[in-house]
Amino acid sequence: MALSEKEWEMRTKGLLKVELTRKGITYAQLAGLLADVGVMDTERNIRNKMSRGKFTAVFLIQCLEAIGTSSLRLSDA
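Description of the structure in this document.

Reading guide: rules and limits
- Residues numbered from 1 in each chain as written.
- Predicted model: local features only at pLDDT ≥ 70, side-chain atom pairs only at ≥ 80, totals over all residues.
- Heavy atoms only, no water.
- Core = buried A, V, L, I, M, F, W, Y, C linked by side-chain atoms within 4.5 Å.
- Buried < 20%, exposed > 50% of the residue type's maximum accessible area, 1.4 Å probe, protein only.
- Helix = DSSP H or I, 4+ residues; strand = E, 2+ residues; numbered from the N terminus.
- Contact = heavy atoms within 4.5 Å.
- Axes fitted to C-alpha atoms, helices over the stretch in contact; angles between N-to-C directions.
- Parallel < 35°, antiparallel > 145°, perpendicular 65-115°, else oblique.
- Nonpolar A, V, L, I, M, F, W, Y, C, P; charged D, E, K, R; others polar.

**Looking at the nonpolar core**
Stage number 1. Among the nonpolar cores identified, the biggest contains 17 residues, and L16, L20, L30, L34, I46 and F59 are the most heavily contacted of them.
Stage number 2. For this core, the secondary-structure elements that each account for two or more residues are helix 1 (5-23), helix 2 (27-36), helix 3 (43-52) and helix 4 (57-66).
Stage number 3. Ranked by the residues each element gives to this core, the list is headed by helix 4, at five residues.
Stage number 4. Not counting residues within four places of it along the chain, the set of residues in contact with L20 comprises I25, Y27, L30 and I67.

**Some thoughts on the packing of helix 2 against helix 4**
Stage number 1. Look at helix 2 against helix 4: their axes get within 9 Å of each other, and the N-to-C directions meet at 90°. Considering their axes alone, helix 2 and helix 4 lie roughly perpendicular with respect to each other. From helix 2, L30, L33 and L34 reach across to helix 4, where they touch F59, Q62, C63 and A66.
Stage number 2. The residue inventory of the contact of helix 2 with helix 4, partitioned by class, reads six nonpolar, one polar and no charged.

Shown next, in the form of structure tokens:
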């Protein structure tokens with residue numbers, strides 16, 4: 001079954017939110033961790049991106065790298 005653009009956005013946002021929750025990292029902490037790897041973004045900007053569910057693949061990878069995620073499971077199947 002094909003997913004709509006909105007469903008893909010929700011799925012991507014969900015993947016990142018799960019990783020943040022799993023590691024106990026807040027958006028404020030994420031902003032600091034991103035700064036540590038040279039990505040300057042504010043907590044507010046991160047919160048807005050997550051709320052909209054629209055962000056680039058680059059942002060996703062930057063976040064995963066900053067929080068120390070070396071692998072990501074796309075589904076439970």
